[in-house]
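An overview of the molecular structure
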Amino acid sequence: MWGNTDHLPAMLVHFHRAGEKIAVIWPNTNVVANTPDLQSALAQNFPQSVVGLGQIVATDDKTGAVVFDASSLLSDILDLNNILKGSLDPGASYRLDSSRTYFGQTKAFPRNIVIEADQTWATEAAHVQAADVAPDARSLQMRIIYNFAEPPGNSDYRPRYADDRIGLYDAIYLQYNNDQARERQLRYFIRLNIQPSDPSKALSPAKRPVVYYLSKTIPPQYRAAVRDGIVGWNRAFERIGISNAIEVKDQPADPNWDADDIRYNVIRWVTEAQASFGADSQTLYDPRTGEEFRSGVLVSANIPAGAARGWKIFIDPARYGRDTDPMPQSFVHDAFVSTLLHETGHNLGMQHNFIGSMAYSAKQLQSKAFTSTYGISSTVMEYAPTNLWPRQYPQGDFNQTVLGPYDYFTIKYGYATIPGTQTPEAELPTLRRWASAWSNPYYRYASDEDVSWANGHASDPRVNQGDLTNDPLAWCGVQLKMNHELLSTVNRRLPKDGSAYEELTAAFSSILRSYTNCASLPSRFIGGQYVSRAHRGDTHAESPIVPVPRSQELRAFRMLDQYLFSDSAWQFSPRLLQGLGYSEWAGYGYVSWPGYGNLPLWAYNPPERHDYPVMQNIARAQARVIDQFFNPLVLQRIDENPLESTKSTMSIDDLFTWLQTSIYGDINSHTRSISLVKRNLQTMYADKLAALVSSPTRGTPSDAQALARHELTTLRQSIGTALRSGSADAITRAHLENLRQHATLKP
Ligand SMILES: [Zn+2]
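Below you will find a few notes about this structure. A quick note: this is a predicted structure, and the numbers were derived from the prediction, not measured. (Residues numbered from 1 in each chain as written. Predicted model: local features only at pLDDT ≥ 70, side-chain atom pairs only at ≥ 80, totals over all residues. Heavy atoms only, no water.)

1. So, the pattern of salt bridges
How we decide: Throughout this description, the term salt bridge denotes a Lys or Arg side-chain nitrogen within 4 Å of a carboxyl oxygen of Asp or Glu. Each helix corresponds to a stretch of at least 4 residues labelled H or I by DSSP, and each strand to a stretch of at least 2 residues labelled E; elements are numbered beginning at the N terminus. Think of it in three bands: with a 1.4 Å probe and only protein chains considered, a residue is buried below 20% of the maximum accessible area for its type, exposed above 50%, and partly exposed in between.
In this structure the tally under the stated criterion is 28 salt bridges. A salt bridge links Glu503 to Lys312, with the shortest nitrogen-to-oxygen separation between them at 2.9 Å. Note that Glu503 is positioned in helix α12 (residues 502-520) and Lys312 in helix α5 (residues 303-320), a separation of 191 residues in sequence. Note on Glu503: relative accessible area 18%, which makes it buried. In this structure, Asp611 and Arg609 form a salt bridge, with 2.9 Å as the shortest nitrogen-oxygen distance. Given the relative accessible area of 41%, Asp611 is considered partly exposed. Members of the salt-bridge network, linked through shared partners, are Lys107, Asp258 and Asp260.

2. Some remarks on the sheet that holds strand β6 (residues 95-108)
Note the following rule: Strands qualify as paired when DSSP identifies two bridges or more between them. Here an axis means a line fitted to C-alpha atoms, over the contact stretch when the element is a helix, while the angle between two N-to-C directions is reported on a 0 to 180 degree scale. Any pair of residues with heavy atoms lying within 4.5 Å of one another is described as a contacting pair.
In spatial order, the strands read β6-β7-β8; together these 3 strands make up an open sheet with antiparallel pairing. The sheet terminates laterally at β6 and β8 (139-149), the two strands that pair on one side only. The average angle at which neighbouring strand axes cross in this sheet is 20°, direction not considered. Here strand β7 (residues 112-122) pairs with β8 via 11 bridges, running antiparallel. Following the sheet pairing, Gln119 is matched in β8 by Met142. Each of β7 and β8 is contacted by helix α2 (residues 80-87), which is oriented at about 55° to β7, the strand it contacts most.

3. As for the coordination of the zinc ion
As a reminder of what qualifies: Atoms are scored as donors when they are N, O or S and lie within 2.8 Å of the metal, with 3.2 Å used for Na, K and Ca; no water is included, so coordination may look incomplete.
Those protein atoms acting as donors to the zinc ion are His342 (NE2), His346 (NE2) and His352 (NE2), and they sit at 2.1 Å. Along the chain, the residues donating to the zinc ion fall in the pattern H-x3-H-x5-H. In this structure His352 comes out as buried when scored by relative accessible area, which is 9%.

4. With respect to the packing of aromatic side chains
Operational definition: Stacked, tilted and edge-to-face are the three classes applied to pairs of Phe, Tyr and Trp rings, where Trp contributes its six-membered ring and a pair requires centres within 6.5 Å; stacked means planes under 30 degrees apart, edge-to-face means over 60, and tilted covers the rest.
Across all of its chains, the model carries 31 aromatic pairs by this definition. Ring geometry for Tyr213 and Trp257: centres 5.3 Å apart, planes at 55°, overall tilted. On the criterion of sequence distance, the pair formed by Tyr213 in strand β13 (residues 210-214) and Trp257 in the loop between β15 (246-250) and β16 (265-270) is long-range, its members being 44 residues apart. Look at Trp257 and you get buried, because its relative accessible area is 10%. When the centroid spacing of 5.1 Å and the interplanar angle of 75° are considered together, the rings of Phe237 and Tyr415 count as edge-to-face. Of this pair, Phe237 sits in helix α4 (residues 234-238) while Tyr415 is found in helix α9 (residues 405-415), placing the two residues 178 residues apart along the sequence. Of the two residues, Phe237 and Tyr415, neither departs from the other in class, the shared state being buried.

Rendered as structure tokens:
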């Protein structure tokens, strides 16, 4: 939980008199119609929501104005009950304690009033993860700020239609204007009201520039970088004829200036006990039109520390072979610029775009001339990793510090004036023509739903967070070798003389995480499908679904075989492993060990083991990939891809054969000694095959069950042959006997 300022979207509020009471109502803004008769039909058919009811306690005889009891604002209107349940330890079970809840400060500004409800959320549980920054974790004070503002909106605002090929947020309505429409959904793009003051000129200043105030809490040494990131977007507006679209000012020295005044867009500095985010965008829009009327960014105080860690652990040793060099200040500057470009992009209505890294080649990313003009991905809305190449390669910019072609393209879609149009409908032909460019790699867009790899929904291996280049497999190959080298040499550099060994352990763990990310990424090509958002007839449009060709799937599997499943991927020297200790002061996480009192998570949290659980980390990474393959949606895709492919794509039989060879190959070759990594993997995989046969998840294709049963039979036979050959050492023999049990299906 961090200082999120907007827990709810802006809602319209009606005050309705019901006898001697006033009802505070949220009218239904989700349904729209264009005639009064249809509107009353909607009012009869769709509910509104009542937020609270308060007794009238006084009436002004002259004006009729009433004073009513607003105690309902002390109740859980924000639904913190579920927010806390979702973000904290489930055992914590916080409840709103009304006996410790009261009204705080109220403030009045020209366009809004602020009412603060200071709620106490209480629990009986003494040790609550992530809530122990309070002096007593059983009692959390949550200061809820209600903003009552006059309805926003400028009369010159014209809503703009959204398009499924363009990555802009949208306000979605059910519209009843046309009975024969196939689709009742009406979608308006959520955007700021940025227009040129003189559309007849090639370039004119913004009629209403967006002004951001940098909170005075932002440390002076980072303010220029924060500012540079925000105003970086002005270049996109200049290209569509608007200058000075975004301004950044310092918070005025005036003591009466208040960030709660709704007229101000504020960039805030957030401090946390544990780093949980880099920055976050805050936007409020008019629910009737999609017009944004307030936005801001929360910037985490952890950004400089994150940059310093990245420099020390990865960049310095990989590029310069050193560890001792001070990080250049430009690196921290660029980290802020890159973060602020991204968050300001959200403020402008831009969604994430996780296919953006596919736009450029490795050669381009290795050129500073290229990256300083076009960035390291087509968009700042990617989650691009550091663009880092080992010493033998040339090196472009580490961070994305400029807008990419997709950013210019999308701002044009969202904000460019379309001459000769007076209504949103009149803009549609032009907008649709612009949006038809989806198949151009510079303008392609795929968002959050397209990276739901964990639940099997995501299927396009081009859409990832944390990868780079138009050949992510080749890029990962380079990164894996680099990380392997970093892992095997990290103990020569760390810890520094006089430092505790946890410095080494933390670095090892970061590099290992980076390694396993790339070692697992190829799994997404297996049974993958390239997904196109292009409409029929768009330039260079592909079919919506094109299965990944078998040659790519095989290439990806060979990487998994080499970097994830093989024994040679996980060789570490005893000297390195024995250095992975921790200091008793290390880390985060809540424990209360008997005799140690009640220290909070940020103060004391030793891991269970004194040494580093390398085997467990390896096993987890391997299991994650196998679980992904055995997800019913992925198995269905692999089973059915051959039907949807005009070329060759892998069969479900390939999947089981490849895994069997990779994981059990050394049983067939009668290896004398099977390594610990391999023994663990073999047992785990046998269990997963057995589960696929005996308790398949709903939706598992019967082909998968049949093949799993077949592989277990083959495995038992190979084990029998290997044991009879008598060449195995004692632990390998015991392992094989045990593995045979795991491979035997219970009747
Ligand atoms: Zn984001």
